Amino acid sequence: EPEVTQTPSHQVTQMGQEVILRCVPISNHLYFYWYRQILGQKVEFLVSFYNNEISEKSEIFDDQFSVERPDGSNFTLKIRSTKLEDSAMYFCASRSRGTEAFFGQGTRLTVV
Amino acid sequence: AQSVTQPDIHITVSEGASLELRCNYSYGATPYLFWYVQSPGQGLQLLLKYFSGDTLVQGIKGFEAEFKRSQSSFNLRKPSVHWSDAAEYFCAVGAGIGGANNLFFGTGTRLTVIP
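Being a predicted model, the structure only gives us computed values, none of them experimental.

Caption draft 1: A look at the overall build of chain A. Looking only at helices and strands, chain A has zero helices and 11 strands in total. Its helices and strands in sequence order give chain A the pattern β-β-β-β-β-β-β-β-β-β-β, from N to C terminus. By the compact-globule yardstick of 13 Å for 112 residues, chain A fits well, its C-alpha radius of gyration being 13 Å. A buried classification covers 46% of the 112 residues belonging to chain A. Surface summary for chain A: the accessible area is close to 5700 Å², and the carbon and sulfur share equals 45%.

The structure is reproduced here in structure tokens:
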């Protein structure tokens, strides 16, 4: 069964460093998403991406965040200068037209 | 604005007992509703969804949910819980066409199953 894959599963980074979280969506999907879940809190929408551009973003997704689909398979989330409060589980999701989103296993980001 | 409320933070049930997890939503249009499950260290797995039609929807692992528009609810049920059902359960409402342009999640309900 096709699935969304995320790498790495756990990333530790120092405050102020740049980090890139990687996702490989399901191959025929057209819509891509990033969500995050701070420990003990609910899952929050960050950004959606369609047709090589951001279609919607939340207030969490400020100038420190960016997304890219550098080739036909990867979808990345970059945090330019990480803060302690960026520590969270980050989920990538993808979907095709008219279907539900499929989520990856997540990347746990720890900023120290 | 969309929002989802899961009033129960933690529920403990005995194996074999029935289960109902509550979910209330707020959404201005016809809602697209989802239940996801998250096992420890795992991602989010879709249990079931409601887009339209029959208000009682069946999902995987023996779960079902009923959409009640008058109560703005989408409660998840299972007649007999298994130990492997212990996990975190999230209700979500979807915005946009098809209901999955982006999802608004509740805070989750942690289910503990005791022998």
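Caption draft 2: Representation of the state of the cysteines within the structure. All names here are of chain B. Evaluation of the coordinates by the stated rule reveals two disulfides over all chains. Across the disulfide, Cys23 is cross-linked to Cys91 (sulfur-sulfur distance 1.9 Å). Every disulfide takes its handedness from the sign of the S-S torsion; for Cys23 and Cys91 that torsion is -65°, giving left-handed. Here Cys23, found in the loop between strand 3 (19–21) and strand 4 (24–26), pairs with Cys91, found in strand 10 (residues 87–95); they are 68 residues apart in sequence, far enough to count as distant. As far as the burial class goes, Cys23 and Cys91 line up, both buried.

Caption draft 3: Looking closely at the interface of chain B and chain A. If you look at the interface, chain B gives 18 residues, while chain A gives 17 residues. Carbon and sulfur atoms supply 52% of the area buried between chain B and chain A, which totals about 1600 Å² over both sides. Here chain B is connected to chain A by one salt bridge. Across the salt bridge formed by Glu100 of chain A and Lys49 of chain B, the nearest N and O atoms sit 2.5 Å from each other. Where chain B packs against chain A, one counts five residue pairs in polar contact (both at pLDDT 80 or more). Taken together, the elements giving at least two residues each to the side of chain B that touches chain A come down to strand 5 (32–38), strand 6 (45–50) and strand 11 (102–105) of chain B. Of the residues that constitute the side of chain B that touches chain A, the class distribution is 10 nonpolar, seven polar and one charged.

About the thresholds
- Every chain is numbered independently, its residues counted from 1 as its sequence is written.
- Chain letters start at A and ligand numbers start at 1, both assigned in the order the entries are written.
- Note on the predicted model: pLDDT of at least 70 is required for a residue's local features to be given, and 80 or more for side-chain atom pairs to be given and counted; whole-chain, interface and lining totals, by contrast, use all residues.
- Note that water and hydrogens are dropped before the side-chain values are worked out from all heavy atoms of the structure.
- Elements are defined by DSSP. Helices are runs of H or I of four residues or more, strands are runs of E of two residues or more, and each kind is numbered from the N terminus.
- Atoms counted for the radius of gyration: C-alpha only. Globule rule: 2.2 Å times the number of residues to the power 0.38.
- Exposure is judged per residue with a 1.4 Å probe applied to protein chains only, and the accessible area is read against the type maximum: over 50% gives exposed, under 20% gives buried, and values in between give partly exposed.
- Only the protein chains shown count as cover for residues, and the accessible areas themselves come from Shrake-Rupley with a 1.4 Å probe.
- Counting rule for disulfides: a pair of cysteine sulfur atoms within 2.5 Å.
- Every residue pair with non-hydrogen atoms within 4.5 Å of one another is taken to be in contact.
- As a working definition, buried area equals the accessible area (1.4 Å probe) given up by two parts on being put together, with both sides summed.
- A pair is scored as a salt bridge if a Lys or Arg side-chain nitrogen falls within 4 Å of a carboxyl oxygen belonging to Asp or Glu.
- Pairs of N or O atoms within 3.5 Å make up the polar contacts considered here, provided that, within protein, one atom can donate a hydrogen while the other can accept it, and that residues adjacent in sequence are counted only when both atoms are side-chain atoms.
- Following the grouping adopted for this structure description, the nonpolar residues are Ala, Val, Leu, Ile, Met, Phe, Trp, Tyr, Cys and Pro, the charged ones are Asp, Glu, Lys and Arg, and the polar ones are all others, Gly among them.

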